[in-house]
Amino acid sequence: MLDDRYPAEPFRIKSVEPVRMIDRETREKVIKEAGYNTFLLKSEDVYIDLLTDSGTNAMSDRQWAGMMIGDEAYAGSKNWLHLESTIKEMFGFKHVIPTHQGRGAENLLSRTAIKPGQYTPGNMYFTTTRYHQEANGGIFRDIVIDEAHDTIVYHPFKGNIDLNKLQALIDEVGASQIAYVCLAVTVNLAGGQPVSIENMKAVRKLCDKYGIKIYYDTTRCVENAYFIKEREEGYANKSIAEIVREMHSFADGCTMSGKKDGITNIGGFLCMNDDDLFVQARELVVVYEGMPSYGGMTGRDMEAFAIGLKESVQEEYIEHRVKQVRYLGDLLIAAGVPIMEPPGGHAVFLDAKRFCPHLAHEEFPAQALAANLYLESGVRSMERGIVSAGRDIKTGKNHAPKLELVRLTIPRRVYTYAHMDVVAKAVISLYKNRDKIRGLRFVYEPKQLRFFTARFEEI
Ligand code: PLI
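This one's a predicted model, so the numbers in the text were calculated from it and none came from an experiment.

## A look at the overall build of the chain
Right, so step 1: If you tally the helices and strands in the chain, you get 16 helices and 14 strands.
Right, so step 2: Its C-alpha atoms give the chain a radius of gyration of 21 Å, near enough to 23 Å, the size a compact globule of 459 residues would have.
Right, so step 3: C-alpha extents for the chain along the principal axes are approximately 60 × 55 × 45 Å.
Right, so step 4: Buried residues in the chain amount to 59% of all 459 residues.
Right, so step 5: When the 58 basic and 62 acidic side-chain charges of the chain are each reduced to a single mean position, those positions are 2 Å apart.

Here it is in structure tokens:
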């Protein structure tokens, strides 16, 4: 039975989608056909889908009602005005540009704010974010604290920027060579780890000294705000909405994928205070996304997004959200399964290096673990390690990230604690038989963002 650490779902279910488990023999066949890449599985062959929390959220009855008042005008849709005012109120920035999803916003920011050869330091990287930075001549530099690369050591804000690393980069290349600091709240690839307000303030202070801009990747900012409320002194009695607003007061702008904390199935935006950057981004949005009053989204999606953002800062919603993820993490920790600790905001990350110590890094332990978890249980997860990290754009060598993880990502409002129990049982059973997991090698390696479509075979 659940104890007081984990609140019951703050909703009741009014629409359901049946799931089914196919037999082991068929799972063996389909994972092989998918080249041992869980991205290439058919959704209908998956029992519990923890591939991602991106666009896989369950919308509320209010969001569905909002879909019915979609204003699909090509220009000036009323749903855009609703979304724009919601974003301005929630985040406090002067300008908003809508985009079809987060990477659309990253494209516009990278094209307008990076001069070739400039650095884009960040608290770890995200795949599409770094792709757009590098495609526009940016040079990524990881300035997250060392603890973020360590799955065992405890730190309440493992996503924090290391100010010494940022200072060292400024000293090395000069402030004018830094396009902006990209600060992700939370840090996806570090396990959904948060950043403290204290750190945001300190980064602002250092950047102000040198006139460096700061853009947040605010894709999971509400989860970050919950950790601040829980862990940072002085925030226990502030509302999540107040904390979100305060967090963004230290930034010059942000990109957001609405498919995560926006609790929608599609959407994103770019915000900024800078008038010139806004004009440039508005000129570009019509080339890559659509009119500045829809940016690739339908009117009905914009309405659902606006309502989703408002629901995301409701206290009981976000408490349940973060604690449901923690519940799964706690079950695995109790069974001795190696995971990134403490569990983050959107997912539990298995530490594949410790889970499969018999596999070399070049045998893609996390990719192999994800494939085997599917085979054993029908649970779909995602590799977040050497395959996701890709190759160095100049040398062509594999990036070899310290973290080699499998992400069990929990969609918002979709699964219950009973589903978490099933997942935990499957992972624990696989952990007991971990010696049987075999390494993989590429049979097809795409040039960009290879993890999406790569194919492998067992060694
Ligand atoms: O998938 P997009 O284009 O809406 O957003 C890109 C994106 C940007 N930043 C961060 C931190 C993300 O997590 C992110 C997308 N994440 C995906 C798809 C995920 O599965 O985590």
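Moving on, there is more to tell.
## A closer look at the site of the ligand
Right, so step 1: Neighbouring the ligand are 17 residues, the closest being Thr52, Arg103, Asp217, Ser257 and Lys260.
Right, so step 2: For the ligand, an oxygen atom lies 2.6 Å from a polar atom in the side chain of Arg103.
Right, so step 3: Out of a free accessible area of 470 Å², the ligand has 95% covered by protein chains.
Right, so step 4: When each cavity is represented as a set of grid points, the ligand is found to reside in the second largest pocket.
Right, so step 5: Here the shell around the ligand gets 3 residues from one element, more than from any other, and that element is helix α4 (residues 102-113).

## Remarks on the packing of helix α8 (residues 221-231) against helix α12 (residues 315-334)
Right, so step 1: In contact at an axis separation of 10 Å, α8 and α12 are set at 90 degrees when each is read in the N-to-C sense. In this view, α8 runs roughly perpendicular relative to α12, as classed from their interaxial angle. Across the interface between the two elements, Val222, Glu223, Tyr226, Phe227, Lys229, Glu230 and Arg231 of α8 pack against Glu315, Ile318, Glu319, Arg321, Val322, Lys323 and Arg326 of α12.
Right, so step 2: The residue inventory of the contact of α8 with α12, partitioned by class, reads 5 nonpolar, no polar and 9 charged.

## Remarks on the layout of surface pockets
Right, so step 1: Reported here for the largest pocket is a volume of approximately 1,400 Å³.
Right, so step 2: Taken together, the elements giving at least two residues each to the lining of the largest pocket come down to β1 (48-49), α2 (61-67) and α12.
Right, so step 3: Per-element accounting of the lining of the largest pocket gives the leading share, 3 residues, to α2.
Right, so step 4: The residue makeup of the lining of the largest pocket, split by class, is 16 nonpolar, 9 polar and 11 charged.
Right, so step 5: Lining the second largest pocket are 39 residues; nearest its centre among them are Arg103, Phe126, Thr128, Asn188 and Lys260.
Right, so step 6: Mapped by element, the contributors of at least two residues to the lining of the second largest pocket are α4, β3 (119-122), α5 (127-135), β5 (181-184), β7 (253-257) and β11 (382-384).
Right, so step 7: With 5 residues, the top contributor of residues to the lining of the second largest pocket is α5.
Right, so step 8: Looking at side-chain class alone, the lining of the second largest pocket contains 13 nonpolar, 16 polar and 10 charged residues.

## Overview of helix α14 (residues 365-377)
Right, so step 1: Helix length check: α14 (13 residues) gives 18 Å between terminal C-alpha atoms against 18 Å at 1.5 Å per residue, within 8%.
Right, so step 2: Within α14, 12 of the 13 residues are buried, leaving the element largely enclosed by the surrounding structure.
Right, so step 3: Considered for burial, the residues of α14 that qualify are Pro365, Ala366, Gln367, Ala368, Leu369, Ala370, Ala371, Asn372, Leu373, Tyr374, Leu375 and Ser377.

## A word on helix α1 (residues 24-33)
Right, so step 1: Considered for burial, the residues of α1 that qualify are Arg27, Val30 and Ile31. Taken down its axis, α1 places every buried residue within 100 degrees of arc, on the same side. Among the exposed residues of α1, those pointing more than 90 degrees away from its buried face are Glu25 and Lys32.
Right, so step 2: As for α1, its buried residues are in contact with α14.
Right, so step 3: Gly35, located one to two residues past α1, shows a positive phi value of around 60 degrees.

## Remarks on unusual backbone geometry
Right, so step 1: In the segment running from Val185 into Thr186, the intervening peptide bond is cis, with an omega of -5 degrees.
Right, so step 2: Along the chain, Thr186 turns up in the loop between β5 and α7 (197-210).
Right, so step 3: Here the residue pair Glu341 and Pro342 is connected by a cis peptide bond, since its omega of -10 degrees sits within 30 degrees of zero.
Right, so step 4: A positive phi angle, near 40 degrees, is found at Leu449, a position not held by glycine.

## Thoughts on the side chain of Ser377
Right, so step 1: Of note, Ser377 is situated in helix α14.
Right, so step 2: Note on Ser377: relative accessible area 7%, which makes it buried.
Right, so step 3: Of the polar contacts made by the side chain of Ser377, one reaches the backbone nitrogen of Val379; its length is 3.2 Å.

## Quick look at the sheet that holds strand β12 (residues 405-409)
Right, so step 1: Overall, antiparallel pairing links the 3 strands, which are arranged β9-β12-β11 in an open sheet. What marks the edges here is a single partner per strand, and that holds for β9 (347-351) and β11. Adjacent strand axes in the sheet meet at a mean angle of 35 degrees when their direction is disregarded.

About the thresholds
- Residues numbered from 1 in each chain as written.
- Predicted model: local features only at pLDDT ≥ 70, side-chain atom pairs only at ≥ 80, totals over all residues.
- Heavy atoms only, no water.
- Helix = DSSP H or I, 4+ residues; strand = E, 2+ residues; numbered from the N terminus.
- Rg over C-alpha atoms; globule rule 2.2 N^0.38 Å.
- Buried < 20%, exposed > 50% of the residue type's maximum accessible area, 1.4 Å probe, protein only.
- Lys, Arg positive; Asp, Glu negative; His and termini not counted.
- Charge placed at Lys NZ, Arg CZ, Asp CG, Glu CD.
- Near = heavy atom within 4 Å.
- Polar contact = N/O pair within 3.5 Å; in protein donor to acceptor, adjacent residues only side chain to side chain.
- Areas by Shrake-Rupley, 256 points an atom, 1.4 Å probe, with all protein chains shown as cover.
- 1 Å grid on protein atoms, 1.4 Å probe; cavity = no way out; pocket = protein on both sides within 12 Å on 5 of 7 lines; lining within 4 Å.
- Sits in = over half its atoms within 2 Å of the grid points.
- Axes fitted to C-alpha atoms, helices over the stretch in contact; angles between N-to-C directions.
- Parallel < 35°, antiparallel > 145°, perpendicular 65-115°, else oblique.
- Contact = heavy atoms within 4.5 Å.
- Nonpolar A, V, L, I, M, F, W, Y, C, P; charged D, E, K, R; others polar.
- Points joined across faces, edges and corners; volume = space filled by probe spheres on them.
- Expected span 1.5 Å × (residues − 1).
- Arc of directions from axis to C-beta.
- Pairing = 2+ DSSP bridges.

Nothing here speaks to function; it is geometry throughout.
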